[in-house]
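# Observations on the model geometry
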Amino acid sequence: MENIFQKKTAKETLLELDLLVEKDGDEWFTEECEELLRELFEKYDTDKDGYWNNDEINVYFSKTNGKKLTPEEYKEIIDSFDVNDREELTLKGFFEIYHLQTLNYKEETIDDFLKNYDEKTLLEKLQPKKK
Ligand SMILES: [Ca+2]
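Counting from 1, residues in each chain are numbered in the order their sequence is written. Totals for whole chains, interfaces and linings use every residue, but because this is a predicted model, local features are given only for residues with pLDDT of at least 70 and side-chain atom pairs only at 80 or more, for both listing and counting.

## Section: the confidence of the model for the chain
- Note: pLDDT gives the predictor's confidence per residue, expressed from 0 to 100. Scored by pLDDT, the chain comes out at a mean of 93, with 94% of its residues at no less than 70.
- When mean pLDDT is taken per element in the chain, helix α2 (residues 31-44) scores highest with 98 and helix α1 (residues 10-16) scores lowest with 91. Each helix is a run of DSSP H or I of at least 4 residues and each strand a run of E of at least 2, with the numbering of both proceeding from the N terminus.

## A look at the pairing of strand β1 (residues 20-23)
- Criterion used throughout: strands pair if DSSP finds at least two bridges between them. Of the strand pairs in this sheet, β1 and strand β2 (residues 26-29) are connected by 4 bridges, and their pairing is antiparallel. Bridge pairing in β2 places V21 opposite W28.
- The hairpin turn running from β1 into β2, its antiparallel successor, is 2 residues long, and D24 in that turn takes a positive phi close to 50°.

## Focus: unusual backbone geometry
- In the Ramachandran plot, K48 falls in the positive-phi region, its phi being about 55° despite a non-glycine side chain.
- Classification of K48 as exposed rests on a count of 7 C-beta atoms within 10 Å.
- With a phi angle near 60°, E87 is a residue other than glycine that sits in the positive phi range.
- Position of E87 relative to the elements: it lies in the loop between α4 (71-80) and α5 (91-104).
- Whether a residue is buried, exposed or partly exposed follows from its count of other C-beta atoms within 10 Å of its own C-beta, namely 20 or more, 12 or fewer, or something in between, respectively; the C-beta atoms are built from the backbone. Under the C-beta neighbour-count criterion, E87 is labelled partly exposed, with 14 such atoms within 10 Å.

## Quick word on the environment of K129
- Checked against the element boundaries, K129 lands in the segment after α7 (119-126).
- For K129, a count of 9 C-beta atoms within 10 Å corresponds to the exposed category.
- A C-alpha to C-alpha distance of 8.9 Å links K129 and E31, two positions 98 residues apart in sequence.

Structure (structure tokens):
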């Protein structure tokens, strides 16, 4: 008989996965997590110019937060993270956002990912690849 107490939810399994690893004395994303972030950045870069303009930033954060960014929140992103000279978010800036969030609130990062992928797909993407 199946023991329901031993059955982990997909979310619990996801939370046990490492998103960050130590690299050169610093915590940085695992290869799999970095790849997924890159994929997200490209997906929401709808005009494919390599940066997130105002609209692209708003579409992404509306999706992950469930509501539009306030002008203050928008400004905070632009002021705190890497942008180009047109104040568009760079991939580096996007990594910075998730680095900070994942260090402090890993579950929020997982939740953001779950807004974009179903649990099974996300597990496959984040599970360490066999070398
Ligand atoms: Ca763009």
